[in-house]
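# Tertiary structure, described
Okay, here's what each chain looks like letter by letter:
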Amino acid sequence: MSFGNNFINALMEAHNNQEIPDQLDSMIDERAVWVSLTKSGLKTQSRNKVQWFDLIRNSRGGVTFKSLYQSISALVLTGLTMEENGENIFMMFAELSDGKLISLQHVRGLKG
């Protein structure tokens, strides 16, 4: 299976179980940064790996992911999640290096 498919499976497992599988942990570099391009009430629009995993542990599950593009240096995903304001659609662009995710940019909004 490709990095992208393995990443999606591990990410879905994490969101559905609110636990971080070892596989997901090993796929993300320790220095990785996740940046949200969507304006929100957060104090900062970026999260490190620990903060990202905390967010997953506190998620409600019900997230779906679909790969749009995969290469040895990039992964583009889209998906749906249910939030307090309704169903949201999102897109993620991940940069890969040496078989690990090193950065991720994320944008989301209400579906429809």
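Scroll up a little and you will see the structure.
A brief report on the enclosed structure follows.

Here is what the cut-offs are and how they apply
Residues numbered from 1 in each chain as written. Predicted model: local features only at pLDDT ≥ 70, side-chain atom pairs only at ≥ 80, totals over all residues. Heavy atoms only, no water. Salt bridge = Lys/Arg side-chain N within 4 Å of Asp/Glu carboxyl O. Helix = DSSP H or I, 4+ residues; strand = E, 2+ residues; numbered from the N terminus. Buried < 20%, exposed > 50% of the residue type's maximum accessible area, 1.4 Å probe, protein only. Contact = heavy atoms within 4.5 Å.

### Focus on the pattern of salt bridges
- Applying the stated rule across the entire model yields five salt bridges.
- One salt bridge connects Lys-49 with Glu-30, and the closest N-O pair in it is separated by 2.8 Å. Of this pair, Lys-49 sits in helix α3 (residues 49–57) while Glu-30 sits in strand β1 (residues 28–36), and the two are 19 residues apart along the sequence.
- On the accessibility criterion, Lys-49 (4% relative accessible area) is buried.
- When the shortest N-O distance is used, the salt bridge between Glu-87 and Lys-111 registers 3.8 Å. Of this pair, Glu-87 sits in strand β5 (residues 86–97) while Lys-111 sits in the segment after β6 (100–110), and the two are 24 residues apart along the sequence.

### What to know about the environment of Leu-68
- With respect to the helices and strands, Leu-68 occurs in strand β3 (residues 64–70).
- Under the relative-accessibility criterion, Leu-68 is labelled partly exposed at 45%.
- Apart from residues no more than four positions distant in its own chain, Leu-68 is found in contact with Val-76, Leu-77, Thr-78 and Met-91.

Spatial relationships are all this shows, so hold off on functional conclusions.
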